Amino acid sequence: MSDERPEKPLPELRASDADRDRVVERLRDAVAEGRLDMEEFEERLEAAYKSRTYAELEPLTRDLPVAGGAAPLPAPVPSGSSWPGRIGGSATSATAVAVMSGFQRKGSWTVPARFDAVAFWGGGELDLREANFAQREVVINCVAIMGGIQITVPPGVEVDVRGIGVMGAFDQRLGSGPTEPGAPRVTVTGFAFWGGVEIKVKPPKSPKLRKQL
């Protein structure tokens, strides 16, 4: 009698958080390799976090080649980290628009999986230092036309800036601090024309959150 295990997990088996993280990591690599565009990435990312079984996860990477073998397990989240309690829940809002005006999202709010920000002859501020995150991976899509958008993140958050500037710029002032295990990953995309999007790192205003981070 053989006790060999099947080469692949049974489709009906429940997937773990580590399984979902492996799929998300492969999708992230596929974007960097040019195999997926941002729209496809966002669709598959949302599906990955909603998946409950291997049967739901497997199609998300079926058309992608294996990248360097199996992905390692994600690093454990330190017990003293504040992030586990700040990821999950319903988004507070998903859009912000400033036309010859301004907008702000700051303090205690929940960042959705995708947030769209538009500034036309105006300005906007997105402060994530005291925010919660609906998912660990979020996308902030910015359109700045003769206007500006400022994004502030706390230390330890991974930020991937992919915006395009035409007579404008996506200005990264992220410093060199390490990414904290378990912290969210923020992808900033979009377009700046005669305008700018600035991303910077600052400690939280709340003494409690500053101490935890």
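Remember, it's a predicted structure, so these values are computed and weren't measured experimentally.

**Some words on the sheet that holds strand β11 (residues 169-173)**
Here is step 1 of the chain: The five strands lie next to each other as β2-β5-β8-β13-β11, forming an open sheet whose pairing is parallel. Of all strands in the sheet, those bounded by a partner on one side alone are β2 (102-105) and β11. Pairwise comparison of adjacent strand axes, ignoring direction, gives a mean angle of 10° for this sheet.
Here is step 2 of the chain: Note that β11 and strand β13 (residues 196-201) share five bridges and pair parallel. Looking at β13, one finds that Q172 is bridged to I199.

**Let's talk about the packing of aromatic side chains**
Between two aromatic rings, the relevant description is the distance of the centres plus the angle of the planes.
Here is step 1 of the chain: In the structure shown here, the tally under the stated rule is three aromatic pairs.
Here is step 2 of the chain: Ring geometry for W109 and F115: centres 5.7 Å apart, planes at 70°, overall edge-to-face. We note that W109, like F115, is buried.

So, how was this worked out
- Residues numbered from 1 in each chain as written.
- Predicted model: local features only at pLDDT ≥ 70, side-chain atom pairs only at ≥ 80, totals over all residues.
- Heavy atoms only, no water.
- Pairing = 2+ DSSP bridges.
- Helix = DSSP H or I, 4+ residues; strand = E, 2+ residues; numbered from the N terminus.
- Axes fitted to C-alpha atoms, helices over the stretch in contact; angles between N-to-C directions.
- Phe/Tyr/Trp six-rings, centres within 6.5 Å; stacked < 30°, edge-to-face > 60°.
- Buried < 20%, exposed > 50% of the residue type's maximum accessible area, 1.4 Å probe, protein only.

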